Structure formats: structure tokens, C-alpha cells
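Each chain, written out:
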Amino acid sequence: MPVPLFATSLAGRHEDIVLKLAEVTASGRYILGPEVEAFEEELALYLGVGHCVGVGNGTDAITIALRALGVAPGDEVVLPSFTFYATAEATVNAGATPVFCDVDPATFCVTEETVRAALTPRTRAIVPVHLFGNVAPAAQLRDLGLPVLEDAAQAAGATRAGRRAGALGQAATFSFFPSKNLGGLGDGGAVVTDDEDVAAAARRLRFHGSEDKRTHTEVGYNSRLDSLQAAALRVLLPDLDAANAARRTAASAYREHGLPDLLEPPSLEAEVEHAYHLYVVRTGRPDELAATLAARGIGARGYYRTPVHRQPAMARWAPAGGALPGTDEAARTNLALPMGPELRERDVAEVVEACAVALATG
Ligand SMILES: Cc1ncc(COP(=O)(O)O)c(C=O)c1O
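Parameters at a glance
Residues numbered from 1 in each chain as written. Predicted model: local features only at pLDDT ≥ 70, side-chain atom pairs only at ≥ 80, totals over all residues. Heavy atoms only, no water. Near = heavy atom within 4 Å. Polar contact = N/O pair within 3.5 Å; in protein donor to acceptor, adjacent residues only side chain to side chain. Areas by Shrake-Rupley, 256 points an atom, 1.4 Å probe, with all protein chains shown as cover. 1 Å grid on protein atoms, 1.4 Å probe; cavity = no way out; pocket = protein on both sides within 12 Å on 5 of 7 lines; lining within 4 Å. Sits in = over half its atoms within 2 Å of the grid points. Helix = DSSP H or I, 4+ residues; strand = E, 2+ residues; numbered from the N terminus. Phe/Tyr/Trp six-rings, centres within 6.5 Å; stacked < 30°, edge-to-face > 60°. Buried < 20%, exposed > 50% of the residue type's maximum accessible area, 1.4 Å probe, protein only. Lys NZ or Arg CZ within 6 Å of the ring centre and 35° of its normal.

### With respect to the site of the ligand
Phase 1: Contacts to the ligand come from 15 residues, most closely from G58, T59, D151, S175 and K180.
Phase 2: Here S175 contributes a side-chain N or O atom positioned 2.7 Å from an oxygen atom of the ligand.
Phase 3: Interatomic distance of 3.2 Å between a side-chain N/O atom of K180 and an oxygen atom of the ligand.
Phase 4: Burial of the ligand by the protein chains amounts to 92% of its free accessible area of 380 Å².
Phase 5: In this structure the site holding the ligand corresponds to the largest pocket.
Phase 6: Contributing elements (two or more residues each) for the shell around the ligand: α3 (58–68) and α4 (86–93).

So this is what it looks like as C-alpha cells:
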């Protein structure tokens, strides 16, 4: 039986969403408005933060949040190179200089040590990325005395030490791209924070730098969450914890079926409740394994094989000497295997068995 890498489904909520969209369509309010305000309140409550500002996508969310935190042209922002390109692109678009730090290839996330090694007197903010649904030690990074902006695009619903990803730094950003754990029907994103001033700045920046739609105090963006997305997300948010629990059950099944005897499984830190946006293992020759699995109809894919600091557009900001050994190792060895709330135990067993056969004959 084919097992896709991930299946985007509305998990039995299709009808509810259609009804809700019909309501919004009839209301005539399509951008911001009461649906967006209600979603902002509900997400803030779920995360345990004071404020949520809905924006157009997760990339704009980072640019807007950095500027709202006071990052200005010429400031340095420390971020990992092992992430989706958007984290760095958004940093450059905020006028800042990206300074790439390394990751621990076991967790795929930054550590206090890798961040510390990248700090200079010009550092104005730190952007840990909660990659693949794992949670970087963002609260610990606050001890370094600089604003911490979590890129939580891949970690909706994950926790560290009992607190949600998104509630660990001074601010955090989310993406509601359809494949995310909390995904809408198109593009969407959010900035969340406990800081009222940061929230107010983000609200202005998403609307052309204006608080009252008449006076423009900053050069901002047109980046607003639309009501149809917010309405769909309001239907899906109450299911997020159950969906993430189902992902964790699938992750446990991988272990029970013997995956750690074959491949390096995702790291498990006692205080982290992983959201398994992706189930990413490590192995010596991941692309050969992926090709063999593909021949059996099993989806597998390496992520970020060319880390951001090695992308042509980022060459001028690559670290001197180019040495980010943890990043290069993560980029070379990672492989995402099928994962999702609807992944069944028998699918997991089939994937593990296929890996065992491939590795025995490879
Ligand atoms: C880690 C990370 N940051 C930022 C983004 C950007 O989000 P969006 O696609 O909504 O702009 C994404 C996803 O696409 C992501 O995975």
C-alpha cells in the first residue's frame, strides 16, 4: 500500500468549514473583521500569550515581528542556517544583517552555545526556529539579554517545560500554510507576544504603518489575515491538540516497530512535547534510501539539503570560512518519513519494514 509523506486533509471538518465559510461569505467582511479578531483571541488563549496579530503569511510575520521588536537596518539578527529559507529572507527584508549560527544535528535546533558563538556587539535579536515540530530552548536564550523571536511556523501546539512554543520568547511567529500542523486553506500567519507595545507595532505594520487608517507613522506592509482563513482556522484550532497527540502516537509506533535499530530517530528531550510537523530521521545515505522507498510507494524526502547560508542569495552573509558543521551534517543526513494525524500503525510498520529491507540490501 502506498504511504504518502504527509496527507493534507481537513480531518473530518470539511462540512463545518464549508458552513462557516458560507457564513463569512454572506457577512461581506473579508479582511480582518470579527472573524480575525475572534481567531486572534482564541489563538492567544490557546498559547497562553497576551496578544495575537493575524498577518498575511509566516514570512511577513517574521519581518513584522523583528521590526516591532525594534530591529532596524544594520542590526544583526542571529538565526540558524538549517531552516526554511523564509526565516533568513524575512530577516533581510526587515533591513537586518543575518548572522547564521549552527544547530545541534540531533535536535535540528539552535542551542545556547551555538547562539552565543554568533553574538557580537551589534546583535539586536535572536531567532530560534522550532524545526520539524521540535522546540528550541527559546526561554533559556532570553538569559542572553536580547529579544528572542521564536519562529514557530512548524511547531503549533508543541511545548517545552509545559509552555507552548510561541510563549517562550518576547514574541513568536506562526505560518498557517496548509501543510502546517495548524494549516488553513491558503496563506496566513500570526505574530504573538505578551508585550503590548510589540503587538501594537505589529498591528500598525500589517496595515501600512497606520493605527487609524488615516495617519501613517511607519512604512509598513499590506499583510492582513483574511476572514475566510480565520474562519477555517477557528474550526481547526480546537482539534490541534488531538491531531498532535495522534502524531505523537505515530512517532511512538515508529520506535515500537524498531526504527531506532535502523536509523537515528528524532531526538526526545524529557521536557519537550514534540509536534512532529515532520518525522525526520538521520542516516548515512538518505537519498538512496528515499529512492528505494519511493519504488515501494512510500514518501520520504530530505529537507534543506542546501542550508540557507549556502544559498546564492545569502552568499554575502555566509560565515567566514563557511564552517557550520552541525548544519552541514543535518543537511546531509536528514530524511523525513511519513507522518500525520491519520497515519495508521500498519502504515508505520510497513515503512519500518521497507527501511529494514532497503538498508539490508543497500
Ligand atoms: C520555519 C519556517 N519559517 C517560516 C515559514 C514561512 O511561512 P509562510 O510560508 O507562511 O510564509 C515557514 C513555512 O513555510 C517555515 O517552515
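### So, the packing of aromatic side chains
Phase 1: The final tally for this structure, using the stated rule, is 10 aromatic pairs.
Phase 2: Ring geometry for F108 against F132: centres 5.0 Å apart, planes inclined by 80°, an arrangement best described as edge-to-face. Of the two residues, F108 is situated in the loop between β3 (97–101) and α5 (112–116) and F132 in the loop between β4 (123–126) and α6 (138–141); the sequence distance between them amounts to 24 residues. When sorted by exposure, F108 lands in the same class as F132, which is buried.
Phase 3: Ring geometry for Y303 and Y304: centres 5.6 Å apart, planes at 75°, overall edge-to-face. Pair check on accessibility: Y303 and Y304 agree, each one buried.
Phase 4: Ring pairing ties together the aromatic residues F82, F108, F132, Y303 and Y304, which thus form one cluster.
Phase 5: Its guanidinium or amino end placed over the ring of F207, K213 lies 5.3 Å from that ring's centre, counting from NZ or CZ.

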